[in-house]
Amino acid sequence: MLGGRGTMETMNRFLRCASLRVKMLTAEDEWSYDEEPHSRRRKEILKAHPEIKELMGYDSNIAYIVIAEVIAQMVMSYVLMDASWSTVLICGYVIGGVLNHSLGSAIHEIGHNLAFGHGQPVKNRLLSIFCNVPIIAPMAISYKKYHADHHRYLGHEYQDVDIPTRLESFLFRRPITKIIWLIFHPLIHALRPFYKSPKPITGWEMINNAIQLIVNVLIIKVFGMKSFVYCLSGTLFGLGFHPLAGHFISEHYVFTETGQATMSYYGPLNFILFNVGYHIEHHDFPYIPYNKLPEVKKIAPEFYQQPYHTSWIKVLWDFIFDPSHGPQARSVGYHVNPNSKHAVNGVANGNGVKEVANGNGVNGVANSYGVHKATGHNGSIANGHAESAKTKSE
């Protein structure tokens, strides 16, 4: 270990004391110091299975699905013009929530240029803006801009805007407050990037905003306020306290003792959300279109033996009622140079200390069950965390 036993003990005492100052906000945070975790996996997988490169590309057929879903939402807007408010809200949850969430997943797919390829950026942007029509809130272009950082800086506390703030982690820890957090998740998730890691407004964002404003006015003028509320409620319901929204929680919240940073969902609802449940696969290969992600797992099964989810409803249940789950249950940290001889020599949190010292940047995983120490050079890749074969719990 760096600095010898005495030095490490002194450092550990210092880090434990320092952690008390932020314990209320970070007592259960998982910290991981490493390069972007999936970049190492990608290299290992391609080395073992170079044929996966053949899956990379795009699938323009998504445009037909998007067109059909937008038309379906406009038809529903027409049907509900004179419906009762209760019917409008029920349909907004059951139908609008599903279709708008599906369109949101399409925006994610298109944001990776997987509709028309990297050589057709204008077509990709225009299609994503078209997806945005029934969603009401202009988010297609802004989402793409900030989502790129989510992949580039996965797990970075400040640059990955998908990570809840420390204030969120502190305020929403009990079942009732976690339900409130889920209900308002669309608003929290939409606003978080602009105050956590703001970026200049782009021309495409201004185009997105202008087009959506015009569309919103037309929906109100042509169909009426009830149709407008139907579309808006579909967004707020579908991306909030809704079974499909379980994917937001299942993707990167920690559900295992190993602190697994990314988890996949293998279930029937992937059909609705463009295989977003194949999330480890997606982060490993973000330039493989949604309809080919299952092939990644089939080609390289030895790399996809991690725990996975089979029910987004159960994910939400556990998130709400399990005290160890909540906005604070994210694997967060900072990225370091993977070529450095020593990745990190110690990190404190509210429950213990995580020690890492080896030539290959192998992570020790610390959680509420104790202190884990990683030494040696024989690391095996497990979902972006290089875990030492010689890890032991003290």
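The structure we're discussing is the one just above.
Cut-offs and rules
Residues numbered from 1 in each chain as written. Predicted model: local features only at pLDDT ≥ 70, side-chain atom pairs only at ≥ 80, totals over all residues. Heavy atoms only, no water. Phe/Tyr/Trp six-rings, centres within 6.5 Å; stacked < 30°, edge-to-face > 60°. Helix = DSSP H or I, 4+ residues; strand = E, 2+ residues; numbered from the N terminus. Buried < 20%, exposed > 50% of the residue type's maximum accessible area, 1.4 Å probe, protein only. Lys NZ or Arg CZ within 6 Å of the ring centre and 35° of its normal. Polar contact = N/O pair within 3.5 Å; in protein donor to acceptor, adjacent residues only side chain to side chain. Contact = heavy atoms within 4.5 Å. Salt bridge = Lys/Arg side-chain N within 4 Å of Asp/Glu carboxyl O.

## Details of the packing of aromatic side chains
Summed over all chains, the structure comprises ten aromatic pairs. Consider the rings of Trp181 and Tyr253, whose centres lie 6.4 Å apart with planes at 75°: the pair is edge-to-face. Of this pair, Trp181 sits in helix 9 (residues 175-183) while Tyr253 is found in the loop between helix 13 (246-252) and helix 14 (279-284), placing the two residues 72 residues apart along the sequence. Taken as a pair, Trp181 and Tyr253 share a single burial class, namely buried. Residues Phe274 and Tyr290 carry aromatic rings whose centres are separated by 5.1 Å and whose planes lie at 85° to one another, so their mutual orientation is edge-to-face. Here Phe274, found in the loop between helix 13 and helix 14, pairs with Tyr290, found in the loop between helix 14 and helix 15 (293-299); they are 16 residues apart in sequence, far enough to count as distant. In this structure, Lys178 packs its charged tip against the face of Phe319, placed 5.9 Å from the ring centre.

## Regarding the environment of His118
Inspection of the secondary structure assignment puts His118 in the loop between helix 5 (85-111) and helix 6 (121-131). Only 3.1 Å separates the side chain of His118 from the side chain of Asn113, close enough to count as a polar contact.

## A short note on the side chain of Asn100
Within the secondary structure, Asn100 is located in helix 5. Here Pro134 takes part through its backbone oxygen, which lies 3.2 Å from a polar atom of the side chain of Asn100. Not counting the four nearest positions on each side in its chain, Asn100 is found in contact with Gln73, Pro134, Ile135, Cys231, Gly234 and Thr235.

## Points about the pattern of salt bridges
Per the counting criterion, the structure on display carries eight salt bridges. A salt bridge links Glu205 to Lys145; its shortest N-O distance comes to 2.7 Å. Of this pair, Glu205 sits in helix 11 (residues 203-222) while Lys145 sits in helix 7 (residues 140-152), and the two are 60 residues apart along the sequence. Take Glu205: its relative accessible area is 3%, and that puts it in the buried class. According to the relative accessible area criterion, Lys145 is buried, its value standing at 17%. Between Glu295 and Lys298 there is a salt bridge, and its shortest N-O distance comes to 3.8 Å.

Without other data, these values stay purely geometric and don't point to any function.
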